[in-house]
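Listed here are the chains, written in short residue letters.
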Amino acid sequence: MFAAERRQLILEMVRANGAVSLRELARVVQTSEVTVRRDVRALEAEGLLDRRHGGAVLPGGFTRESGFPQKSHLATAEKTAIADLAASLVEEGEAIVVGAGTTTQELARRLARVPGLTVVTNSLLVAQALAHANRVEVVMTGGTLRGSNYALVGSGAEQSLHGLRVSRAFLSGSGLTAERGLSTSNMLSASVDRALVQAAAEVVVLADHTKLGTDTMFQTVPTDLITRLVTDEPPAHDDRAATELQALADQGVQIAVAGAPGGSAGAGGPGGDAVPARQQRRDVPLPGPRRQVPGTGSGLRPATMLGEQSPGAERGRVADLRRR
């Protein structure tokens, strides 16, 4: 493929999806990430797209939201690794909330075999993934169906979450920065995600490395309310992603890094039942006391709170991302 053809295809992918990782671009155009990075720089110089950590986005600073068909084909290996690792954090008998998104859908597939689990969600995709799990109770919010991501939004969804208290929330989004926290491109989705956060004692964000440093219109979770980030291994050349992760850690976010695609953490098969070995997680230590969302306390059984995880959930070896 000639350079002009590659760049045209890259541009079409970014326009169709809003944001695409270098790994995905290299796979589609069948060339190396080094070549793709050079193409992305050339397109950025022409004002046709913007570079981001490990990827490319639409120009203008704030990425638009892609629909489910586009999102489902982006960073699939990274989402699998993240979902495997996030599932290892969930204990038997917990009550959790799971937000909408393709990464949280992957997580739900891996939660189907956790006995006694209760999952509250506004996502039809999450509910579908757990529909045949005999030992998992699924509670759906009310609301109006948003077809682009198969999620229930609006005042009905938000009101159904009032008075709810669970151990933690698992959320995804369109972008994550140390300055603003988690954000999304849709106002209705952001409002429901904020209600999910208020229902949980602690918040776990699932975001692949292409979302690091990306800022979108509506803030959903400020950085000081994010307890843990589960992400994938950034490319070795992506110093900015490592810097962003360290900035998040400096603000009190505990970071768990799943193995790179093809490495040790992407163990889940098509059925999504496999859970990675504990040593596959690498944590940046939380520099200070754990935070709780305001208003948490006696409404939760102590055994279900993230701050009282079993020793098995904290066996990840501590590693400073700056060593990379």
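Before any of the text, the structure's been laid out above.
Heads up: these notes are all about the structure in this document. All figures in this text were calculated on a predicted structure; none of them were measured in a lab.

Brief notes about the overall build of the protein chain
- A count of helices and strands for the protein chain gives ten helices and 17 strands.
- Here the protein chain holds 324 residues, and the buried ones make up 56% of them.
- When contacts within the protein chain are restricted to residue pairs at least 6 apart in sequence, those whose partners lie at least 24 apart make up 72%.
- Of the roughly 13,400 Å² of accessible surface on the protein chain, 51% is carried by carbon and sulfur atoms.

Considering helix H3 (residues 33–45)
- For H3, which comprises 13 residues, the first-to-last C-alpha distance of 18 Å matches the rise-based estimate of 18 Å (1.5 Å per residue) to within 8%.
- Looking only at H3, the buried set comprises Thr35, Val36, Arg37, Asp39, Val40, Ala42 and Leu43.
- Just past H3, the residue Gly47 takes up positive phi, approximately 75°.

Overview of the environment of Gly154
- Topologically, Gly154 is positioned in the loop between strand S8 (151–153) and helix H8 (155–160).
- The buried category is assigned to Gly154, whose relative accessible area is 15%.
- Here the alpha-carbon distance between Gly154 and Met187, two residues 33 residues apart in the chain, equals 9.7 Å.

Some remarks on the sheet that holds strand S3 (residues 55–57)
- Read from one edge of the open sheet, three strands run S1-S3-S2, paired in antiparallel fashion. Since the sheet does not close on itself, it has two edges, and those belong to strand S1 (19–21) and strand S2 (50–52), each with one partner. Averaged over neighbouring strand pairs, the angle between their axes works out to 25° when direction is ignored.
- In this structure, S2 lies alongside S3, joined through three bridges in antiparallel fashion. What sits directly across from Arg52, in S3, is Gly55.
- Lying on the sheet, helix H2 (residues 22–29) is in contact with S1 and S3; it crosses S1 at an angle near 75°.

Here's the deal with the side chain of Arg110
- Among the secondary structure elements, Arg110 is positioned in helix H6 (residues 102–111).
- Of note is the side chain of Arg110, whose polar atom sits 2.6 Å from the side chain of Asp84.
- Looking at Arg110, its side chain comes within polar contact range of the main-chain oxygen of Glu106, at 2.8 Å.

Brief notes about the nonpolar core
- Within the largest apolar cluster, 31 residues are counted, with the highest numbers of intra-cluster contacts made by Leu171, Leu176, Val205, Val221, Leu229, Leu248 and Ile255.
- Those elements giving two or more residues to this core turn out to be strand S9 (166–171), helix H9 (187–198), strand S12 (200–206), helix H10 (239–250) and strand S15 (254–258).
- Discounting residues that sit within four places of it in the chain, Leu248 has contacts with Leu176, Thr177, Ala178, Leu212, Thr223, Leu229, Val253 and Ile255.
- Counting 26 residues, the second-largest nonpolar core is a separate cluster that includes Ile82, Leu107, Leu111 and Val230.

Points about the packing of helix H5 (residues 76–87) against H6
- At a minimum axis distance of 8 Å, the contact between H5 and H6 shows a crossing angle of 50°. One way to sum up the angle between H5 and H6 is to call them oblique. In this structure, H5 crosses over H6, and the sense of that crossing is right-handed. Contacts between H5 and H6 involve Lys79, Thr80, Ile82, Ala83, Asp84, Ala86 and Ala87 on the former and, on the latter, Thr102, Thr103, Glu106, Leu107, Arg110 and Leu111.
- Of the residues in the contact of H5 with H6, the class split is six nonpolar, three polar and four charged.

Thresholds, definitions, all that
Residues numbered from 1 in each chain as written. Predicted model: local features only at pLDDT ≥ 70, side-chain atom pairs only at ≥ 80, totals over all residues. Heavy atoms only, no water. Helix = DSSP H or I, 4+ residues; strand = E, 2+ residues; numbered from the N terminus. Buried < 20%, exposed > 50% of the residue type's maximum accessible area, 1.4 Å probe, protein only. Contact = heavy atoms within 4.5 Å. Areas by Shrake-Rupley, 256 points an atom, 1.4 Å probe, with all protein chains shown as cover. Expected span 1.5 Å × (residues − 1). Pairing = 2+ DSSP bridges. Axes fitted to C-alpha atoms, helices over the stretch in contact; angles between N-to-C directions. Polar contact = N/O pair within 3.5 Å; in protein donor to acceptor, adjacent residues only side chain to side chain. Core = buried A, V, L, I, M, F, W, Y, C linked by side-chain atoms within 4.5 Å. Parallel < 35°, antiparallel > 145°, perpendicular 65-115°, else oblique. Left-handed = near helix turned anticlockwise from the far one by under 90°. Nonpolar A, V, L, I, M, F, W, Y, C, P; charged D, E, K, R; others polar.

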